[in-house]
Amino acid sequence: MPTRHGRAICALVILFALVAVPAAPSRPRALTRAIETYAITNARIFPVSGPVIERGTVVIRDGLITAVGAGVPAPADARVIDGTGLNVYPGLIDASTTLPVPQSAPSAGGSSVVPAAAATPTPSLAAAAFSTSTAAPGLRPETLASDLVQTGGAQIEAARNAGLTAALVAPRDGVLMGQSAFVNLAGETSRQMIVRSPVALHVGFTPLRSGVYPASLMGVFSALRQMLLDAARLREANQIYARS
């Protein structure tokens, strides 16, 4: 058994180790977290209820509006957005919609094409309709909703009148339908509407209606599994290429 002297030395060594190990330095907040507070100043504000504020400030912290008013100061940690000459309205966000994406019509060959009336004003629609992909329409995860978004129209205007000001827009049909975009429902061009693209890859479990594989639910699961395996294999091949 260790002597009393030996136990005392061990205790001192352990104590020294505990004292000598420095605490991990905390990183500055600015380096670890993005800006989470915004202040829109000098704007004409239309509240949900109450009179119009001709020149006021809206403060948003952690995604929530915390203050609205004419005499509201901008917080010291806020990113200030000068709203001089602009109007601020309350609005809702549609978390999943296909509203600005025109409907496609099936052709005789079973593929989907965009109607000529819709395709004429926007060249990107024609590019999406006549893709060079060898996969069937509906199995093209590279499809971008931002390439399909169209401005205006009675449906978008009705949504805006109902209080919707922004939306997460996904392609309409398919199994691997494509990648969504977050859009503002106002804007004279589709480019002006896009806030962020892409946002997410959307997957549907509805068999393709064009009569081609996969035309059943089991086929949908099989197609999804195979395309995910193909993607993993491509990633591995790219990693091997990068290493060599």
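Definitions and limits used
Each chain has its residues counted from 1, following the order in which its sequence is written. Owing to the predicted nature of the model, reporting of local features is limited to residues with pLDDT of at least 70; listing and counting of side-chain atom pairs is limited to 80 or more, with chain, interface and lining totals taken over all residues. Side-chain numbers come from the whole structure's heavy atoms, not from hydrogens or water. Only DSSP runs of H or I reaching four residues or more are called helices, and only runs of E reaching two or more are called strands; each is numbered from the N terminus. The classification of residues rests on relative accessible area computed with a 1.4 Å probe and restricted to protein chains. Under 20% of the type maximum is buried, over 50% is exposed, and intermediate values are partly exposed. We call two residues in contact whenever any of their non-hydrogen atoms come within 4.5 Å of each other. Per-residue accessibility takes into account occlusion by the displayed protein chains alone, with areas from the Shrake-Rupley method and a 1.4 Å probe. Pairs of N or O atoms within 3.5 Å make up the polar contacts considered here, provided that, within protein, one atom can donate a hydrogen while the other can accept it, and that residues adjacent in sequence are counted only when both atoms are side-chain atoms. Here the expected span of a helix is defined as 1.5 Å times the quantity of residues minus one. Think of a patch as exposed residues, more than 30% relative accessible area, with no salt bridge, where like charges cluster within 9 Å and nonpolar side chains (Val, Leu, Ile, Met, Phe, Trp, Tyr) cluster within 5 Å. Counted as salt bridges are all cases of a side-chain nitrogen of Lys or Arg within 4 Å of a carboxyl oxygen of Asp or Glu. Pairing between strands requires that DSSP locate at least two bridges from one strand to the other. Lines fitted to the C-alpha atoms define the axes, with helices restricted to the stretch that makes contact. Angles between their N-to-C directions range from 0 to 180 degrees. Between 30 and 60 degrees the pair is tilted, below 30 it is stacked and above 60 it is edge-to-face, where a pair is any two Phe, Tyr or Trp rings, Trp via its six-membered ring, whose centres lie within 6.5 Å.

### Observations concerning the overall build of the protein chain
Along the backbone of the protein chain there are seven helices and 13 strands. Within the protein chain, buried positions represent 24% of all 244 residues. Residue pairs at least 24 apart in sequence account for 53% of intrachain contacts in the protein chain once pairs closer than 6 positions are excluded. For the protein chain, the exposed area adds up to about 16,500 Å²; of that, 61% sits on carbon and sulfur atoms.

### Comments concerning the side chain of H202
Of note, H202 is situated in strand 13 (residues 201-203). The exposure class assigned to H202 is buried, which follows from its relative accessible area of 18%. Polar side-chain contacts of H202 include one of 2.9 Å to the side chain of S180. Sequence-distant contacts of H202, that is, excluding residues within four places in its chain, are made with L168, A170, V175, L176, M177, G178 and S180.

### A short note on helix 7 (residues 217-243)
Relative to the 39 Å expected for 27 residues at 1.5 Å per residue, helix 7 spans 40 Å between its end C-alpha atoms, a close match to the ideal helical length. Listed as buried for helix 7 are G219, V220, A223 and L224.

### Regarding a nonpolar patch on the surface
A grouping of L201, V203, F205, L217, M218 and F221 is seen on the molecular surface, where their side chains present a nonpolar patch of about 600 Å² in accessible area. Elements with a minimum of two residues in the nonpolar patch: strand 13 and helix 7. With three residues, helix 7 is the largest single contributor of residues to the nonpolar patch. Note that V203 resides in strand 13. The class for V203 is partly exposed, based on a relative accessible area of 37%.

### Some details on the sheet that holds strand 12 (residues 194-196)
Spatial strand order, 6-9-11-12: four strands in an open sheet with mixed pairing. Where the open sheet ends on each side, the last strands, each with one partner, are strand 6 (92-97) and strand 12. Looking at each pair of strands side by side, their axes are set apart by 30° on average, direction ignored.

### Points about the packing of aromatic side chains
Inspection of every chain in the model, using the stated rule, returns two aromatic pairs. A centroid spacing of 5.8 Å and a plane angle of 50° characterise the contact between F205 and F221, whose relative ring orientation is tilted. In this pair, F205 is assigned in the loop between strand 13 and helix 7 and F221 in helix 7, connecting sequence segments 16 residues apart.

### Notes on the environment of T66
On the secondary structure map, T66 appears in strand 3 (residues 64-69). In this view, T66 contacts V59 and R61; residues no more than four positions away in its chain are not counted.

### Some points on the side chain of T57
Residue position: T57 is located in strand 2 (residues 53-61). Note on T57: relative accessible area 7%, which makes it buried. One polar contact links the side chain of T57 to the main-chain carbonyl oxygen of V72, over a distance of 3.4 Å. Apart from the residues within four sequence positions on either side, T57 is in contact with A39, I40, T41, N42, I45, A67, V68, G69 and V72.

### Concerning the pairing of strand 1 (residues 37-45)
Summarising the sheet, strand 1 and strand 2 pair through six bridges and their orientation is antiparallel. Residue A43 lies in a different strand from strand 2, and its bridge partner there is G56. When strand 1 meets strand 4 (residues 79-82), the two strands line up parallel, connected through four bridges. Counterpart to I40 in the pairing with strand 4 is I81. As defined by bridge partners, strand 1 adjoins strand 5 (residues 87-88) across two bridges and the pair is classed as parallel. Note on strand 5: the bridge partner recorded for I45 is V88.

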